[in-house]
Amino acid sequence: MDTPDVLAWRDGHIEALDQTALPHRVRVLRISTVEALVQAITRLAVRGAPVLGVAGAFGVALAVRQARREGWDGPRLDAEINRIADARPTAVNLRREVSAVAARVPEGEAAVEAAALAVAECAVTASHQISRRGAAYLRDACGRGPLQVHTHCNTGSLACLGWGTALGVIRALHEAGGLSRVIVDETRPLLQGARLTCWELDQLDIEHRLVCDGAGPFLISQGLADAVVVGADRVAANGDVANKVGTYGLALAAHRAGIPFLVAVPESTIDEATPDGAAIPIELRADEEVTVPAAPAGTKALNYAFDVTPADLVSAVVTEKRLIPGTAARR
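Treat the numbers as computed from the prediction; the structure is a model and nothing was measured. (Residues numbered from 1 in each chain as written. Predicted model: local features only at pLDDT ≥ 70, side-chain atom pairs only at ≥ 80, totals over all residues. Heavy atoms only, no water.)

(A) Fine view of the pattern of salt bridges. Overall, the coordinates contain 19 salt bridges when judged by the stated rule. For the salt bridge of Arg10 with Asp5, the shortest nitrogen-to-oxygen distance reads 2.5 Å. Classification of Arg10 as partly exposed rests on a relative accessible area of 32%. For Asp5, a relative accessible area of 40% gives the class partly exposed. (Salt bridge = Lys/Arg side-chain N within 4 Å of Asp/Glu carboxyl O. Buried < 20%, exposed > 50% of the residue type's maximum accessible area, 1.4 Å probe, protein only.)

Shown next, in the form of structure tokens:
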């Protein structure tokens, strides 16, 4: 895509493509403080589990530079690094990569920056491996195609760097001539599917149709998808999957229709320390993301950003290293 880098470390600061401005404007943020990074993450200018991991890694390098510049002591630096890790609770990649790079702080600024850059490089490499392994799985599970694939939220370069996760699988299918078209959920409440996935698919010249979230399960029941492919923000040890709210309904519909429900993630999204979906913290966001502009003033919302799909509805989880058959595939 002929756009600036989604996320980059340049001359001691972070440059990030502002995902709240897309698709109508291409705007690059220059982030030079921890506060600015935390704000960019919480307002979803920087988003997507793998990208959050890289942003967290860069954030540690940013914090170390800011500490030197402003004379922070050790406890203050630790507190600022923890602010980055806490910016969004559901995506395990953020805290994991912050912790990994923060462990290099005693080695000095250069070691921290090198570790952060390595995280970014690994994210790109992993996305290509996930994409090809996931496409091969779908060709084996569904036939050579061309396939109609249903997806949710945004899981391409904007969310993951490289090719992406679920959208990377779709891209790999397309390049192999195995894709008919993509059904894209709008993804409430911030429309990441409509704004970002449709934009990426248009850039890649991939045939697609946008549908409202509530229509997704019905369309699957009508035979308009051969498979569902999604990403995730956390996969628990038992295989339960937390992803953008609306995913659970697609999994139920795919199970009923007898089509694969594939989860594409990097290994860093699998959290063995979280036993099951009930232990995954689910982010509750501001009412205004749902109520404005349509609801009467004073209306309250239950704006859960994620839902949890039980492992027994998952056909497989694909990572850069392996294909993990889900409980659904073993029944």
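(B) Expanded view of the sheet that holds strand β8 (residues 234–236). Strand order across the open sheet formed by 4 strands is β11-β8-β9-β12, with mixed pairing between neighbours. The outermost strands of the open sheet, each flanked by one partner alone, are β11 (270–271) and β12 (306–309). Here helix α10 (residues 247–257) sits on the sheet and contacts β9 (241–244) and β12; the angle it forms with β12, its principal contact strand, is near 30 degrees. (Pairing = 2+ DSSP bridges. Helix = DSSP H or I, 4+ residues; strand = E, 2+ residues; numbered from the N terminus. Contact = heavy atoms within 4.5 Å. Axes fitted to C-alpha atoms, helices over the stretch in contact; angles between N-to-C directions.)

(C) Expanded view of empty space enclosed by the protein. Summed over the entire model, instances satisfying the criterion amount to 3 cavities of 30 Å³ or more. Each pocket or cavity is described by its volume, and for the largest cavity that value is around 200 Å³. Taken together, 23 residues line the largest cavity, and the ones lying closest to its centre are Arg47, Gly48, Ala49, Asn154 and Asp233. Listed by contribution, the elements that provide at least two residues to the lining of the largest cavity are α2 (49–70), α6 (157–160) and β9. Its residues assigned to classes, the lining of the largest cavity comprises 11 nonpolar, 8 polar and 4 charged. (1 Å grid on protein atoms, 1.4 Å probe; cavity = no way out; pocket = protein on both sides within 12 Å on 5 of 7 lines; lining within 4 Å. Points joined across faces, edges and corners; volume = space filled by probe spheres on them. Nonpolar A, V, L, I, M, F, W, Y, C, P; charged D, E, K, R; others polar.)

(D) Layout of the packing of aromatic side chains. Evaluation of the coordinates by the stated rule reveals 1 aromatic pair. The ring of Trp163 carries Arg132 above its face, with NZ or CZ at 5.4 Å from the centroid. (Phe/Tyr/Trp six-rings, centres within 6.5 Å; stacked < 30°, edge-to-face > 60°. Lys NZ or Arg CZ within 6 Å of the ring centre and 35° of its normal.)

(E) Spatial organisation of the side chain of His208. Relative to the helices and strands, His208 resides in strand β6 (residues 208–211). Within polar-contact distance, the side chain of His208 engages the backbone oxygen of Ile206 at 2.8 Å. Not counting residues within four places of it along the chain, the set of residues in contact with His208 comprises Val182, Val184, Cys198, Leu201 and Asp202. (Polar contact = N/O pair within 3.5 Å; in protein donor to acceptor, adjacent residues only side chain to side chain.)

(F) Quick peek at α2. Between its first and last C-alpha atoms α2 spans 30 Å; for 22 residues at 1.5 Å apiece the expected length is 32 Å, and the two agree. Taken from the residues just after α2, Gly71 is the one with a positive phi, measuring 75 degrees. (Expected span 1.5 Å × (residues − 1).)

(G) Geometry of the environment of Ala126. Tracing the backbone shows Ala126 in helix α5 (residues 109–142). Residue class for Ala126 comes out buried when judged on its relative accessible area of 6%. For the pair Ala126 and Pro281, spaced 155 residues apart in the sequence, the C-alpha separation amounts to 25 Å.

(H) Representation of the pairing of strand β10 (residues 261–264) in the model. Of the two faces of β10, the one lined by Phe261 and Val263 and the one lined by Leu262 and Ala264 are each fully buried. Sheet topology places strand β7 (residues 227–230) next to β10; 3 bridges connect them, and they run parallel. For Val230, the partnering residue across the bridge sits in β10 and is Val263.

(I) Up close: the sheet that holds β6. Here we have 7 strands laid out as an open sheet, ordered β6-β5-β4-β7-β10-β13-β14, and mixed in their pairing. Each having just a single partner strand, β6 and β14 (323–325) make up the two edges of the open sheet. When strand polarity is set aside, the average angle formed by the axes of neighbouring strands in this sheet is 25 degrees. As paired elements, strand β13 (residues 316–318) and β14 share 3 bridges and run antiparallel to each other. Considered in β14, the bridge of Val318 is made with Leu323.

(J) A look at the environment of Gly56. Its location among the elements puts Gly56 in helix α2. With a relative accessible area of 0%, Gly56 lands in the buried category. With 28 residues separating them in the primary sequence, Gly56 and Ile84 have C-alpha atoms 6.4 Å apart. Other than its neighbours up to four places away in sequence, Gly56 contacts Ile84, Leu94 and Val98.

(K) Looking closely at the nonpolar core. The biggest cluster of nonpolar side chains holds 49 residues, and the ones touching the most others in it are Leu7, Ile14, Ile31, Val46, Val54 and Phe58. With 13 residues, the top contributor of residues to this core is α2. Setting aside its immediate chain neighbours within four residues, Phe58 contacts Leu7, Ala8, Trp9, Ile14, Ala116, Leu117 and Ala120. With 25 residues, the next largest nonpolar core counts Ile170, Leu173, Val182 and Val229 among its residues. (Core = buried A, V, L, I, M, F, W, Y, C linked by side-chain atoms within 4.5 Å.)

(L) Structural context of the layout of surface pockets. Roughly 250 Å³ of internal volume is contained in the largest pocket. Lining the largest pocket are 17 residues, with Glu97, Val119, Cys122, Ala123 and Ser268 sitting closest to its centre. Those elements that provide at least two residues to the lining of the largest pocket are α2, α4 (92–102) and α5. Residue classes in the lining of the largest pocket are distributed as 10 nonpolar, 5 polar and 2 charged. In this structure, the second largest pocket is lined by 16 residues; those nearest its centre are Ala237, Asn238, Gly239, Val317 and Ile324. Contributing elements (two or more residues each) for the lining of the second largest pocket: β8, β14 and α12 (327–330). Looking at the lining of the second largest pocket residue by residue, the class counts come to 9 nonpolar, 4 polar and 3 charged.

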